[in-house]
Amino acid sequence: MRFPFKTGYDHDLGLFRDPVQRRWYAALLVGTLILPALVPDYVGDISLVFIYGLCGLSLMVLAGYTGLVSLGHAAFLGIGAYAHVYFVQDLGLPWVAGVLLAALITAGAGTLVGLPALRMTGVYLTIATLAFALIIQEVFTRWDTVTHGLKGRPVDKPVIFGISFANDLAFYFLCLAVLIAGLWLTANLLRAPTGRAWVAIRDSEIAAQSMGVHLARYKTLAFAYSAALMGAAGALFAHKIGFLAPDIFSVLLSIQFLLMVVVGGLGSLHGALYGAVFVAMLPVLISQARDQVPQWAGQAVGVFGKDAGSAAFLALDRFVKQPGLEPGIFGLILVLFILFEPLGIYGRWRKVQLYFSTFPLYKRATFRRQKTYMRSERLR
Amino acid sequence: MSLFAAQDLAVNFGGIRAVDGVSFEVEAGQVFTIIGPNGAGKTTIFNLISRIYDPSQGRLLLRGEEITGVPPHEIARRGIARTFQNIELFEHATVLQNLLLGRHAHARPHFASELLFLPGVRVRERANREAVEKVIDFLDLQAHRDSLVVNLPYGVRKVVEMGRALCTEPVLLLLDEPSSGLSVEETEDMAFWIQDIRTLLGITVLMVEHDMSLVGAVSDRVLALNYGRAVACGTCEEVQAHPDVIKAYLGG
Amino acid sequence: MLGAFVCYMLVVGHGMSYWPAFAIAVVAVGLFGAALDATILRRVIGQPQFAVVMLTIGLGAIFRSFASITWGSEIYTLPTPFSAKTTRLGGVTVSHEYVAIIVGTLVLCALLYAFFSYSRVGVAMQAASQNQLAAYYMGIPVKRMFSLIWAISAGVAAIAGVLLAPVSLIDTNLGFIGLKAFAAAVLGGFGSIPGALVGGVTIGLIELFSGAYLPLGVKDVAAYIVLLLVLAIRPQGMFGTVGRKKV
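Residues numbered from 1 in each chain as written. Chains lettered and ligands numbered in written order. Predicted model: local features only at pLDDT ≥ 70, side-chain atom pairs only at ≥ 80, totals over all residues.

**Quick notes on the overall build of chain B**
Along the backbone of chain B there are ten helices and ten strands. Seen through its principal axes, chain B has C-alpha atoms that stretch 65 × 40 × 35 Å. The buried share of chain B, taken over its 252 residues, is 43%. Across chain B, the fraction of contacts at a sequence separation of at least 24, relative to all contacts at a separation of at least 6, is 68%. (Helix = DSSP H or I, 4+ residues; strand = E, 2+ residues; numbered from the N terminus. Buried ≥ 20, exposed ≤ 12 C-beta atoms within 10 Å, placed from the backbone. Contact = placed C-beta atoms within 7 Å.)

This is the structure:
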């Protein structure tokens, strides 16, 4: 067990708990800086992980810290992406201005969605955000002058202050820089009164009100900030995928973001990043499994005879090649995590940490959540 | 002029008149207790004062100013803090974070400077922490400072809730059944704290209570309610001897 | 969606006639709902609301995936006794399919209302929904009640699917009409069944007029815009009530 020795109030105000933690994070930073040298083939995929990390951060602020679950965050991503591309390619604004304006516009959209959010809680808010996402998707399809509708529009590589970021390595560092900036800003907010007010709203709205927290202002702020982060991520996302079309920003993408936040661990910044790694790596894993699993099954069943083996291979091959399988797998993972590991990957990591630091006194019930059986309690 | 006055307060829930024409005045520096059988409307009066409910009629006056129309989040800034009957703490935060939230009442929002964590924010946060530490010393919560509320026993949670209300630096503290669920020793501690709050901190206390020994030990004035109506008001002995009060509690 | 698919499978695949296939589809989906509750949803009783929300989102994705694997992603039509039959009603030609939907909805609403208000099981369900611990103490078998609630809910959804199938064509996204239904419920007001009906009719009219007078594309999302407007301005809708925690 480690007992931190605190010598002043600033100790608790800082971002890191103690010098040891600071050194670990510095090592992590160095690691991400030299990663492109170690795995040069995957630089593009890791850039996507960083972008997803920013998205996860955005949803984590809203769902994990303020308790407002949103199924429409893909719409914000789309607004940010389209706005940025319009400003930079159609209006010719500088890249940084394009990103900032995109974030601002998305924040405005977030405020709009926040208005019904003030009146509804829980599942009803989620459904309202879903409705918003469907409206925005329709707007993307119809607003031809800005979005080029269903035809889609290609996106050029970013050019910042005259320097082209076309190659993968430069883009990797760009995404890393934006992610670190987003993390720093969010961590600042969370250790300040605003972050405390958000957590208060999540845990008990009525008590928060009685302590002077202006509910409407802080909920709207949560929506706006979350949307702004999503807008910035949208700008980078547009450059990464190179081609924008309305059906990219679908409900399925929103569900993936939700999966990211739940799997990573609600209520922590680490969770957003673990979830981002998981969700970005998942399609890669699925496509590899699609090739490998039928082969393994064929070999395993082939023990009983060649015909049975090839029959198993063909059946499984046909099954996994179905296009509709991916959403099903996402749904399955979401369900399994909620049933068996509601605290997510970060929660599991905390449990492992606690197990080793309090060995042999670890108790499994330490992390058991309070169950509320009254409907009025859950209504809040 | 009294610190707080409720004039002819009434509220309807559908067809039920939960509070019916209740008037009382609380002088500064007093401990004023509201007693009554269950369902008499005591917590409803607290909810009216905290502006969680809107009264159907009547006025609320704090230091002569009318607060009947004030929105709920403004009440803390005016100087009224409350605790809740079923503890409404923030379960998955530490005691320190719960208490720090009490400082929100007098804070001005500074989104931009908080985003960049400018030195001004740091100075304000240090000031908040110092104020919270004074409350922690007052209530002997040092041992639980960094514990998650969800891991604390019920008695400690009640103290934390009171501490959170004290952190808002109120002029009027509303305590909703402070001794419910506490053991005998904890109730005695609570009595000492209420007296200290009145004499050392100079805060007026308005409380709802069932435990008559606690009521007798700390109250200056007592108001008895039954079915939403005021039945008797006076010192503790006067109210306890009043025939209507005895009828309300014991029947017939 | 599942109800519509099962009915289609029975009618077209196995050549059963409409009414028995309807009944079997509804019962089968109802049983499936009860089984789902018994195995999966029971474990999340008492957890915060978003856990249940996300669980159902995940399950929805799994079902859609399962449906697209089993039945492919083409669109099917369901032949019914009402297809292609019409009546003239005071100068307006009404298709029997639509009449069937209206009649079915009214009958179903009346049955459900009577069930929940007057039958013992219905009242017990309302009790279990409001305070599970107290319901246990009163001798209500809460777990079985919840399975029954899920069975009824799944069955009603299946009926809606089968009724909708001839009009809307069966494909895996049939369930998304539930979102428009939610808009209707919110407009009419939660806790009020006549409100939901009025809300539904209103939304239908709004869609019709926005298709005629407003720019292209608004018709599809008119229901959602109404939903957001209602939530922003008057969340209890036309006839509803809003619940709140008692402190």
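Having put the structure on the table, let's press on.
**Looking at the overall build of chain C**
The secondary structure content of chain C amounts to ten helices and two strands. Walking chain C from its N terminus toward its C terminus, one meets helices and strands in the order α-α-α-β-β-α-α-α-α-α-α-α. Counting only residues that meet the buried cut, chain C has 32% of its 247 residues in that class. Partitioning the intrachain contacts of chain C with sequence separation of at least 6 by distance along the chain shows that 62% fall at a separation of at least 24.

**A word on the domain arrangement of chain B**
Residues and elements named next belong to chain B. Parsing chain B into structural domains produces domain 1 (1-79 + 170-252) and domain 2 (95-168). Of note, the centres of domain 1 and domain 2, computed from C-alpha atoms alone, are 26 Å apart. At the level of secondary structure, the elements contributing two or more residues to the side of domain 1 that touches domain 2 comprise helix H2 (72-78), strand E7 (172-176) and helix H7 (184-199). In the side of domain 1 that touches domain 2, the residues fall into seven nonpolar, two polar and two charged. (Domains from an automatic or database assignment. Nonpolar A, V, L, I, M, F, W, Y, C, P; charged D, E, K, R; others polar.)

**A look at the interface of chain B and chain A**
Taken residue by residue, the interface counts 33 residues in chain B and 25 residues in chain A. Its residues assigned to classes, the side of chain B that touches chain A comprises 16 nonpolar, seven polar and ten charged.

**Focus: the sheet that holds strand E8 (residues 204-208) of chain B**
Strand pairing in a sheet relies on backbone hydrogen bonds. The paired strands run either parallel or antiparallel. Residues and elements named next belong to chain B. The mixed open sheet is built from six strands, whose spatial order is E6-E7-E8-E3-E9-E10. What marks the edges here is a single partner per strand, and that holds for strand E6 (80-82) and strand E10 (229-234). Taken over all neighbouring pairs, the strand axes of this sheet differ in orientation by 20 degrees on average, direction set aside. Across four bridges, the pairing between strand E3 (residues 31-35) and E8 is parallel. In the sheet register, Thr33 faces E8, and the bridge partner there is Met207. Relative to E10, helix H10 (residues 243-250) is tilted by about 130 degrees, and along the sheet it contacts strand E9 (221-226) and E10. (Pairing = 2+ DSSP bridges. Axes fitted to C-alpha atoms, helices over the stretch in contact; angles between N-to-C directions.)

**A closer look at the sheet that holds strand E5 (residues 65-66) of chain B**
Residues and elements named next belong to chain B. Ordered by their spatial adjacency, four strands build an open sheet running E2-E1-E4-E5, and the pairing between neighbours is antiparallel. With partners counted over all chains shown, the strands left at the sheet margins are strand E2 (16-26) and E5, one partner each. Pairing geometry for strand E1 (residues 4-13) and E2, over seven bridges, is antiparallel. Of the residues in E2, the one forming a bridge with Asn12 is Arg17. Of the strands in this sheet, E1, E2 and strand E4 (57-62) touch helix H1 (residues 42-49), which is tilted by about 70 degrees from E2.

**Here's the deal with the environment of B:Arg17**
All names here are of chain B. You can see Arg17 is positioned in strand E2. Along the backbone, Arg17 and Gly228 are 211 residues apart, and their C-alpha atoms lie at a distance of 7.2 Å. If we ignore the near neighbours within four places in the chain, the residues touching Arg17 are Ala10, Asn12 and Gly228.

**Examining the nonpolar core**
Counting residues in hydrophobic clusters, the biggest one holds 200 residues, and the most contacted among them are A:Ala131, C:Ala183 and C:Leu227. A total of 16 residues in this core trace back to one element, the largest contributor, which is helix H11 (residues 215-241) of chain A. Excluding residues that lie within four positions of it along the chain, C:Ala183 makes contacts with A:Ala131, C:Ile203, C:Ala223, C:Tyr224, C:Val226 and C:Leu227. By size, the runner-up hydrophobic cluster in this structure holds 22 residues, among which are C:Ala135, C:Val142, C:Val162 and C:Ala165. (Core = buried A, V, L, I, M, F, W, Y, C linked by C-beta atoms within 7 Å.)

**What to know about the environment of C:Ala185**
Residue and element names in this part refer to chain C. Residue placement: Ala185 occurs in helix H8 (residues 177-188). Residue Ala185 is classed as buried on the basis of its 23 C-beta neighbours within 10 Å. Along the backbone, Ala185 and Gly199 are 14 residues apart, and their C-alpha atoms lie at a distance of 6.2 Å. If we ignore the near neighbours within four places in the chain, the residues touching Ala185 are Phe190, Ala196 and Gly199.

**Comments concerning unusual backbone geometry**
Residue and element names in this part refer to chain B. The phi dihedral of Asp8 is positive, around 55 degrees, even though this residue is not glycine. Tracing the backbone through its elements, the reader meets Asp8 in strand E1. On the basis of neighbour count, Asp8 is assigned to the exposed category, with 12 C-beta atoms found within 10 Å. Positioned with a positive phi, Phe117 is a non-glycine residue whose angle comes to about 50 degrees. With respect to the helices and strands, Phe117 occurs in the loop between helix H4 (111-116) and helix H5 (119-139).

**Examining H1(B)**
All names here are of chain B. Within H1, eight of the eight residues are buried, leaving the element largely enclosed by the surrounding structure. Burial in H1 covers these residues: Lys42, Thr43, Thr44, Ile45, Phe46, Asn47, Leu48 and Ile49. At the exit of H1 stands Arg51, carrying a positive phi of roughly 65 degrees.

**Considerations on the packing of helix H12 (residues 251-264) of chain A against helix H15 (residues 325-340) of chain A**
Residue and element names in this part refer to chain A. For the pair H12 and H15, the least separation of the axes is 10 Å and the interaxial angle reads 30 degrees. By the angle between their axes, H12 is roughly parallel relative to H15. Crossing handedness for the pair H12 and H15: left-handed. Each of Leu252, Ile255, Gln256, Leu259, Val262 and Val263 in H12 lies in contact with H15, whose residues at this interface are Pro327, Phe330, Ile333, Leu334, Phe337 and Ile338. Its residues assigned to classes, the contact of H12 with H15 shows eleven nonpolar, one polar and no charged. (Parallel < 35°, antiparallel > 145°, perpendicular 65-115°, else oblique. Left-handed = near helix turned anticlockwise from the far one by under 90°.)

**Details of the packing of helix H3 (residues 95-102) of chain B against helix H6 (residues 154-167) of chain B**
All names here are of chain B. At a closest axis distance of 6 Å, the pairing of H3 and H6 adopts a crossing angle of 35 degrees. The way H3 lies across H6 gives a crossing that is right-handed. Contact residues: H3 offers Val95, Asn98, Leu99, Leu101 and Gly102, while H6 offers Val160, Gly163, Arg164, Ala165 and Cys167. Here the contact of H3 with H6 is built from residues that sort into six nonpolar, three polar and one charged.

**Some points on the pairing of E10(B)**
Residue and element names in this part refer to chain B. Bridge analysis of E9 against E10 gives five bridges, and the strand direction is antiparallel. Residue pairing for E10: Val222 is matched across the bridge by Gly234. Where E9 hands over to E10, the hairpin turn is made up of two residues, of which Tyr227 adopts a positive phi near 50 degrees.

**Section: the environment of B:Asn226**
Residue and element names in this part refer to chain B. Within the secondary structure, Asn226 is located in strand E9. Among the residues examined, Asn226 registers 19 C-beta atoms within 10 Å and is labelled partly exposed. Sequence separation between Asn226 and Asp20 is 206 residues; the distance between their C-alpha atoms is 9.9 Å. When neighbours within four sequence positions are excluded, Asn226 is seen to be in contact with Gly36, Pro37, Ala40, Val231 and Ala248.

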